[in-house]
Amino acid sequence: TMEDLRFNDVDVLTFGQYLQPSRRHLPVKEYVTPEKFDEWRVEAEALGFKYVASGPMVRSSYKAGEFFLKNLIKEKEAANAAAASG
């Protein structure tokens, strides 16, 4: 659950929709509405996730999050270095 992810310090969450690339691939079992993706985003943000990408075209490699993640890593490294130096 999202609560379990936050409990384990997960900061970034993506929700996307599987889309059947060809007839040779598995069919889509259920289409998720854009409103449901919005509900999940609001819930995740309320739980404290630092970045949430939620929508039918979102992928786990979603480009919008890359910049955020690079800066988040830099901030954590700087904080760790400051803590280590005293």
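Residues numbered from 1 in each chain as written. Predicted model: local features only at pLDDT ≥ 70, side-chain atom pairs only at ≥ 80, totals over all residues. Heavy atoms only, no water.

### Considerations on helix α2 (residues 34-46)
Between its first and last C-alpha, α2 extends 18 Å over 13 residues, near the 18 Å set by a 1.5 Å rise per residue. Of the residues flanking the end of α2, it is glycine 48, one or two places downstream, whose phi is positive at about 100 degrees. (Helix = DSSP H or I, 4+ residues; strand = E, 2+ residues; numbered from the N terminus. Expected span 1.5 Å × (residues − 1).)

### Things to note about the packing of aromatic side chains
Any pair of aromatic rings gets described here by the distance separating the centres and the angle formed by the planes. The final tally for this structure, using the stated rule, is 2 aromatic pairs. Look at phenylalanine 37 and tryptophan 40: their rings are 5.5 Å apart centre to centre, the planes differ by 90 degrees, and that puts the pair in the edge-to-face class. One end of the pair, phenylalanine 37, and the other, tryptophan 40, are both in helix α2, 3 residues apart, so they sit about a helical turn from each other. On the basis of relative accessible area, tryptophan 40 is assigned to the partly exposed category, the value being 24%. Members of the aromatic cluster, connected to one another through ring pairs, are Phe15, Phe37 and Trp40. Cation over ring: arginine 6 sits above phenylalanine 49, and NZ or CZ is 5.4 Å from the ring centre. (Phe/Tyr/Trp six-rings, centres within 6.5 Å; stacked < 30°, edge-to-face > 60°. Buried < 20%, exposed > 50% of the residue type's maximum accessible area, 1.4 Å probe, protein only. Lys NZ or Arg CZ within 6 Å of the ring centre and 35° of its normal.)

Take it as geometry only, folks, not as evidence of what the structure does.
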